[in-house]
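If you want the building blocks of each chain, they are given just below.
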Amino acid sequence: MTSPSEQPQRNQGKDLGLTLCPSCQQLMSHKATHCSRCGSTLAFRDYSSLQKSWALLITAAILLIPANIYPITIFTSQGQTRHDTIFTGITHLIDLNILPIAVILFTASILVPILKICGLTIYLLAISFRLPISKKRLMVGFHVIEWIGRWSMLDLFVISITAAVVNMGQLLDAKPGPAATAFALVILLTQIAAKVLDTRLLWDRLESQDDTNRNTESS
Amino acid sequence: MKLLTEHECADTSVTLCRSCDLVIRKRALPSSVRALCPRCHTPIYDAPYCSLNGMLALCLTAIIFFIPANLLPVLELHFLGSIRTTTISEGAMAVANQGYWVVAIAVLTSAVIAPGLLLLSVLSQILIIKYRLQVPFFRDILKRLLKYHGLLSQLTMLEIYMISIFVSVFQLTDYTDIYLGMGTFCFAMLFLVTLFLQREYHLEHMWSVLDD
């Protein structure tokens, strides 16, 4: 029904045979293999990025389980040893009435990783299976995920500071637990998964679907 | 909007959005205004203003604070008359000694190595642009530095470490007396100066220096 002349409201780079250098943002012809300014390899679209991103994300999701089950800190106070997982550590803080810190730690070490993994899963599902989700909303979510992901490092920094300063044998002692490595890997892998993904794929693949949706709504 | 031909895009007035590939016509922007992609709201470009001398001053200040921030203790613990202190790298080493070297590398990279390399990289970029831009050897170095700038600035997590210090203080006050050392002050200053430096720094502007 739609004639080709009225369909492309906005030009995309691929219609004009143009592409952007990923490292220096120089505008190049899509026939070029290397950027003329910085010399890095150009990829018109990185289709393998979808696969890489899925692989990293699934690994991160699996690692999230040991990160939450095993203790992340082992705290000794006057001969009594506590094994705290991420969750019990936070409930312990609530018991001690340090609510603001508990909220910060809950956000950084439970909410953010789970939101990130769920968000990226939805995002990748939308590209792989062409789900009819608003692209604009997906992209806003993606920017939030990219920005907020770093903050999970908070918990690891806190562990390293306390482990270094609190070491007095039986009286007072803090050690990291086995979950620490798993948690560090979750952060690392999800960050790379978001970084590696070529987001232009979303706008290519969903184009036809989204446009037909818009047309049926308007008619 | 009319279709643009390939010929029209040959000049520099057009750019593409790096996340959704939309063609965008560049317009002059007032300073401190950022152009967002109209379709996916990715930041595209901002007014290319950055003063080299201002950045040089900020960069040197940050480097001056960097050394005591890493050598002086960030936290002091007083417990039954004994005093324990820790610097950032001692914290990382303590975790590594327990066998958690993945955590130790993450802490060291994001709080010591990446910020240090970032500052050195910015300093050399500024010096090359100011004095040695015509020499091909230095142009090549500048290219390499600019390529890795994005990665370095992503790995730099000074702000998160800053918050972590305060979280640890609040967590430990229940058990012992905690004091913030001179290192904390230097670290806070390092964080602030680096923040301003990163606001002033524009990667795209630095790349455009190579064009002429």
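Residues numbered from 1 in each chain as written. Chains lettered and ligands numbered in written order. Predicted model: local features only at pLDDT ≥ 70, side-chain atom pairs only at ≥ 80, totals over all residues. Heavy atoms only, no water.

1. Observations concerning the overall build of chain B
Piece 1. The helix and strand inventory of chain B stands at 7 helices and 7 strands.
Piece 2. The order of helices and strands in chain B, counted from the N terminus, is β-β-β-β-α-β-β-α-α-α-α-β-α-α.
Piece 3. At 22 Å, chain B has a C-alpha radius of gyration far larger than the 17 Å of a compact globule built from 212 residues.
Piece 4. When the backbone C-alpha atoms are referred to their principal axes, chain B occupies close to 75 × 40 × 35 Å.
Piece 5. Split into buried and exposed, the 212 residues of chain B put 45% on the buried side.
Piece 6. The long-range fraction of contacts in chain B, counting pairs at least 24 apart against all pairs at least 6 apart in sequence, stands at 60%.
Piece 7. Summing over all exposed atoms, chain B offers an accessible surface of approximately 10700 Å²; the carbon and sulfur share of this is 64%.
Piece 8. Treating the 15 positive side-chain charges of chain B as one cloud and the 15 negative ones as another, the clouds have centres 8 Å apart. (Helix = DSSP H or I, 4+ residues; strand = E, 2+ residues; numbered from the N terminus. Rg over C-alpha atoms; globule rule 2.2 N^0.38 Å. Buried < 20%, exposed > 50% of the residue type's maximum accessible area, 1.4 Å probe, protein only. Contact = heavy atoms within 4.5 Å. Areas by Shrake-Rupley, 256 points an atom, 1.4 Å probe, with all protein chains shown as cover. Lys, Arg positive; Asp, Glu negative; His and termini not counted. Charge placed at Lys NZ, Arg CZ, Asp CG, Glu CD.)

2. Observations concerning empty space enclosed by the protein
Piece 1. A complete count under the given rule lists 2 cavities of 30 Å³ or more for this structure.
Piece 2. Approximately 390 Å³ is the volume attributed to the largest cavity.
Piece 3. For the largest cavity, the lining is made up of 25 residues, of which T73, F75, D84 and G89 of chain A together with Q171 of chain B are closest to its centre.
Piece 4. When contributions to the lining of the largest cavity are tallied by element, the ones reaching two or more residues are β3 (73-77), β4 (80-84), α2 (86-95), α3 (99-128), α5 (153-165) and β6 (172-176) of chain A together with α5 (158-172) of chain B.
Piece 5. For the lining of the largest cavity, the class distribution of residues is 14 nonpolar, 7 polar and 4 charged.
Piece 6. The computed volume of the second largest cavity comes to approximately 70 Å³.
Piece 7. Lining of the second largest cavity is provided by L20 and Q25 of chain A together with T15, L16, C17, R18, K26, P43, I44, Y45 and E204 of chain B.
Piece 8. Among the elements of the structure, β1 (14-16) and β4 (43-46) of chain B are those that each provide at least two residues to the lining of the second largest cavity.
Piece 9. Counting residues per element, the lining of the second largest cavity draws most heavily on β4 of chain B, which supplies 3 residues.
Piece 10. A class-by-class count of the residues in the lining of the second largest cavity yields 6 nonpolar, 2 polar and 3 charged. (1 Å grid on protein atoms, 1.4 Å probe; cavity = no way out; pocket = protein on both sides within 12 Å on 5 of 7 lines; lining within 4 Å. Points joined across faces, edges and corners; volume = space filled by probe spheres on them. Nonpolar A, V, L, I, M, F, W, Y, C, P; charged D, E, K, R; others polar.)

3. Describing the pairing of strand β5 (residues 75-79) of chain B
Residue and element names in this part refer to chain B.
Piece 1. Burial of β5 is one-sided: the residues L75, L77 and F79 facing one way are buried, the residues E76 and H78 facing the other way are not.
Piece 2. Linking two consecutive strands that pair antiparallel, namely β5 and strand β6 (residues 82-86), is a turn of 2 residues; a positive phi of about 50 degrees is found at L80 within it.
Piece 3. Where β5 meets strand β7 (residues 177-180), 4 bridges bridge the pair, whose relative direction is antiparallel. Paired with H78 across the strands is D177, a residue of β7. (Pairing = 2+ DSSP bridges.)

4. Observations concerning the environment of I90 of chain A
Residue and element names in this part refer to chain A.
Piece 1. Mapping I90 onto the fold places it in helix α2.
Piece 2. Sequence separation of I90 and Y70 is 20 residues, and the distance between their C-alpha atoms is 14 Å.
Piece 3. For I90, the contacting residues outside a window of four places in its chain are A102, L105, F106, S109 and I110.

5. Quick look at the packing of helix α1 (residues 52-71) of chain B against helix α6 (residues 182-200) of chain B
All names here are of chain B.
Piece 1. The N-to-C vectors of α1 and α6 enclose an angle of 155 degrees; their axes lie 8 Å apart at closest approach. Put simply, α1 runs roughly antiparallel to α6. As α1 packs across α6, the resulting crossing turns out to be left-handed. Only G183, C186, F187, M189, L190, V193, T194, F196, L197 and E200 of α6 make contact with α1, whose side of the interface consists of M55, L58, C59, T61, A62, F65, F66, P68 and A69.
Piece 2. When grouped by side-chain class, the residues that make up the contact of α1 with α6 number 15 nonpolar, 3 polar and 1 charged. (Axes fitted to C-alpha atoms, helices over the stretch in contact; angles between N-to-C directions. Parallel < 35°, antiparallel > 145°, perpendicular 65-115°, else oblique. Left-handed = near helix turned anticlockwise from the far one by under 90°.)

6. Let's talk about the interface of chain B and chain A
Piece 1. Contact residues are listed per partner, giving 64 residues for chain B and 64 residues for chain A.
Piece 2. Together, the buried faces of chain B and chain A total about 6100 Å²; carbon and sulfur atoms form 68% of this surface.
Piece 3. Where chain B touches chain A, the interface holds 1 salt bridge.
Piece 4. In this structure, the salt-bridge partner of R150 of chain A is E159 of chain B, at a minimum N-O distance of 2.6 Å.
Piece 5. The interface formed by chain B and chain A includes 4 residue pairs in polar contact (both at pLDDT 80 or more).
Piece 6. Only β1, β5, β6, α2 (88-97), α3 (101-131), α4 (136-155), α5 and α7 (203-209) of chain B provide two or more residues apiece to the side of chain B that touches chain A.
Piece 7. Element by element, the count of residues in the side of chain B that touches chain A is highest for α5 of chain B, at 11 residues.
Piece 8. Along the lines of polarity and charge, the residues of the side of chain B that touches chain A split into 34 nonpolar, 18 polar and 12 charged. (Buried area = accessible area lost by both parts, 1.4 Å probe. Salt bridge = Lys/Arg side-chain N within 4 Å of Asp/Glu carboxyl O. Polar contact = N/O pair within 3.5 Å; in protein donor to acceptor, adjacent residues only side chain to side chain.)

7. Quick look at the sheet that holds β6 of chain B
Residue and element names in this part refer to chain B.
Piece 1. In space, the 3 strands of this open sheet follow the order β6-β5-β7, with antiparallel pairing throughout. With one partner strand each, in any of the chains shown, β6 and β7 form the two edges of the open sheet. When the angles between neighbouring strand axes are averaged without regard to direction, this sheet yields 20 degrees.
Piece 2. Summarising the sheet, β5 and β6 pair through 5 bridges and their orientation is antiparallel.

8. Description of the pairing of β4 of chain A
Residues and elements named next belong to chain A.
Piece 1. In this sheet, β4 lies alongside β3 in antiparallel orientation, the contact comprising 5 bridges. Along β4, the bridge assignment pairs S77 with Q80.
Piece 2. From the end of β3 to the start of β4, which pair antiparallel, there are 2 residues, and Q78 there has a positive phi angle of about 50 degrees.

9. Concerning the sheet that holds strand β5 (residues 167-168) of chain A
Piece 1. As summarised here, the arrangement of the 4 strands in space is β4-β3-β6-β5 (chain A), forming an open sheet in which the pairing is antiparallel. Since the sheet does not close on itself, it has two edges, and those belong to β4 and β5 of chain A, each with one partner.

10. Some thoughts on the confidence of the model for chain A
All names here are of chain A.
Piece 1. Model confidence for chain A is summarised by a mean pLDDT of 80, while 88% of its residues fall at 70 or above.
Piece 2. The secondary-structure element of chain A with the lowest mean pLDDT is helix α8 (residues 207-218), recorded at 44, while helix α1 (residues 48-69) shows the highest, at 92.
Piece 3. Predicted confidence for residues 1-8 stays below pLDDT 50, and this span has 3 contacts to residues more than four positions away or in other chains.
Piece 4. Low confidence marks residues 209-219, where pLDDT is under 50. Its contacts with residues over four positions away, or in another chain, come to 6 contacts. (pLDDT = per-residue confidence, 0-100.)

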